Amino acid sequence: MSGEGAVRIELWGEHDLPLLEKIMGDPNMTAHFGGPERPGQIAARQARYARLAGSGKGRMFKIVAGGETVGSVGYWERTWRDESIYEIGWSVLVRFQGRGIAGIAAAQAIAVARSEGKHRFMHAFPAVDNPPSNAICRKLGFTLVQVCRFEYPPGSFMQCNDWRLDLLGA
Ligand SMILES: CC(C)(COP(=O)(O)OP(=O)(O)OC[C@H]1O[C@@H](n2cnc3c(N)ncnc32)[C@H](O)[C@@H]1OP(=O)(O)O)[C@@H](O)C(=O)NCCC(=O)NCCS
């Protein structure tokens, strides 16, 4: 990648199912969230992503780098410890990983969330054994709050780090 100008984010659209299939249908891409989804689950996720921005409860973006669609980044509302927060998540297709793309795209998504001024805190919950994802949180200024145990998918438990970013902070 030849610098930040080469990576941009665009709102997720109705025609982005093929990208989602590459992300959520790939065992390597989904190792940290329960393995590949079935086609029906991916289609339902596609519909959720496409309507998220219109719902006012978050935004999902595709990541475009060097003219190719290479991944996803987005944030959505959830209640966490009795508080309304944004959760953020990111994915970059295997052959585009290791070039700084996820970090650049996540910074762009955070800037959009910050400009909305809707929620103060954004959290990320990467698995403790996902070094690149934890490195991105650290690099983008998130603070590590605690380690959590989530049941996901139902019946199996994973250890996640709870990282928090103050969107109103400097
Ligand atoms: C996590 C993921 C999005 C990272 O994408 P990426 O574009 O390769 O990430 P980046 O290149 O922007 O940054 C990765 C950072 O992790 C660091 N990193 C990579 N492997 C690492 C390792 N084994 N140990 C420590 N740091 C590591 C890199 O050095 C980089 O930090 P730097 O920019 O300070 O050098 C990608 O691996 C992915 O899609 N994984 C599958 C889906 C997933 O797990 N998503 C996260 C859910 S929370």
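A brief report on the enclosed structure follows. (Residues numbered from 1 in each chain as written. Predicted model: local features only at pLDDT ≥ 70, side-chain atom pairs only at ≥ 80, totals over all residues.)

**Examining the environment of Met 158**
Then, number 1: Within the fold, Met 158 resides in strand β7 (residues 157-166).
Then, number 2: On the basis of neighbour counts, which here come to 18 C-beta atoms within 10 Å, the residue Met 158 falls in the partly exposed class.
Then, number 3: C-alpha separation for the pair Met 158 and Ala 127, spaced 31 residues apart in sequence, amounts to 7.0 Å.
Then, number 4: Those residues in contact with Met 158 that lie beyond four places of it in its chain are Ala 127, Phe 150 and Tyr 152. (Helix = DSSP H or I, 4+ residues; strand = E, 2+ residues; numbered from the N terminus. Buried ≥ 20, exposed ≤ 12 C-beta atoms within 10 Å, placed from the backbone. Contact = placed C-beta atoms within 7 Å.)

**Details of helix α1 (residues 17-24)**
Then, number 1: Within α1 the residues assigned to the buried category are Leu 19, Leu 20, Ile 23 and Met 24. On an axial view of α1, the arc spanned by its buried residues comes to 115 degrees, and they lie on one face. (Arc of directions from axis to C-beta.)

**Here's the deal with helix α4 (residues 131-139)**
Working note: α-helix, 3.6 residues per turn, so residues spaced by three or four point in the same direction.
Then, number 1: Listed in full, the buried residues belonging to α4 are Ser 133, Ile 136 and Cys 137. The buried residues of α4 occupy one face: seen down the axis, they fall within an arc of 100 degrees. Exposed positions of α4 whose direction lies more than 90 degrees from the buried face are Pro 131, Arg 138 and Lys 139.
Then, number 2: Buried residues in α4 make contact with α3 (101-116), β5 (121-124) and β7.
Then, number 3: Just downstream of α4, Gly 141 is the residue with a positive phi angle, here 95 degrees.

**With respect to the sheet that holds β5**
Then, number 1: In spatial order, the strands read β1-β2-β3-β4-β5-β7-β6; together these seven strands make up an open sheet with mixed pairing. Since the sheet does not close on itself, it has two edges, and those belong to β1 (7-11) and β6 (143-151), each with one partner. Each neighbouring strand pair of the sheet contributes to a mean axis angle of 30 degrees, computed without reference to strand direction.
Then, number 2: Two strands pair when backbone bridges link them, and β5 and β7 are joined in this way by four bridges, in the antiparallel orientation. Along β7, the bridge assignment pairs Ala 124 with Trp 163.
Then, number 3: Lying on the sheet, α3 is in contact with β1, β2 (58-65), β3 (68-80), β4 (83-92), β5 and β7; it crosses β3 at an angle near 45 degrees. (Pairing = 2+ DSSP bridges. Axes fitted to C-alpha atoms, helices over the stretch in contact; angles between N-to-C directions.)

**What about the pairing of β6?**
Then, number 1: Little of β6 sits inside the fold, with zero of its nine residues counted as buried.
Then, number 2: Here β6 runs beside β7; their pairing, made up of eight bridges, is antiparallel. Of the residues in β7, the one forming a bridge with Leu 144 is Trp 163.
Then, number 3: Where β6 folds back onto β7 in an antiparallel hairpin, the turn is made up of five residues, including Gly 155, whose phi is positive at roughly 100 degrees.

**Some words on the site of the ligand**
Then, number 1: The environment of the ligand is formed by 21 residues, the closest being Gln 97, Ala 102, Gly 103, Pro 131 and Ala 135.
Then, number 2: Elements represented by at least two residues in the shell around the ligand include exactly β4, α3 and α4.
Then, number 3: Top element by residues in the shell around the ligand is α4. It accounts for six residues. (Near = placed C-beta within 6 Å.)

**A short note on the nonpolar core**
Then, number 1: Counting residues in each nonpolar core, the largest one holds 36 residues, and the members touching the most others are Ile 63, Val 73, Ile 101, Ala 105, Ala 106 and Ala 109.
Then, number 2: Per-element tally for this core: the top contributor is α3, with seven residues. (Core = buried A, V, L, I, M, F, W, Y, C linked by C-beta atoms within 7 Å.)

**Details of the packing of α1 against helix α2 (residues 39-55)**
Then, number 1: Their axes nearest at 10 Å, the elements α1 and α2 cross at an angle of 125 degrees. Between α1 and α2, the angle falls in the class oblique. Remark: the crossing between α1 and α2 carries right-handed chirality. Across the interface between the two elements, Leu 17, Leu 20, Glu 21 and Met 24 from α1 touch Ile 42, Arg 45, Gln 46 and Tyr 49 from α2.
Then, number 2: The residue makeup of the contact of α1 with α2, split by class, is five nonpolar, one polar and two charged. (Parallel < 35°, antiparallel > 145°, perpendicular 65-115°, else oblique. Left-handed = near helix turned anticlockwise from the far one by under 90°. Nonpolar A, V, L, I, M, F, W, Y, C, P; charged D, E, K, R; others polar.)

Bear in mind that shape data such as this cannot, by itself, settle questions of function.
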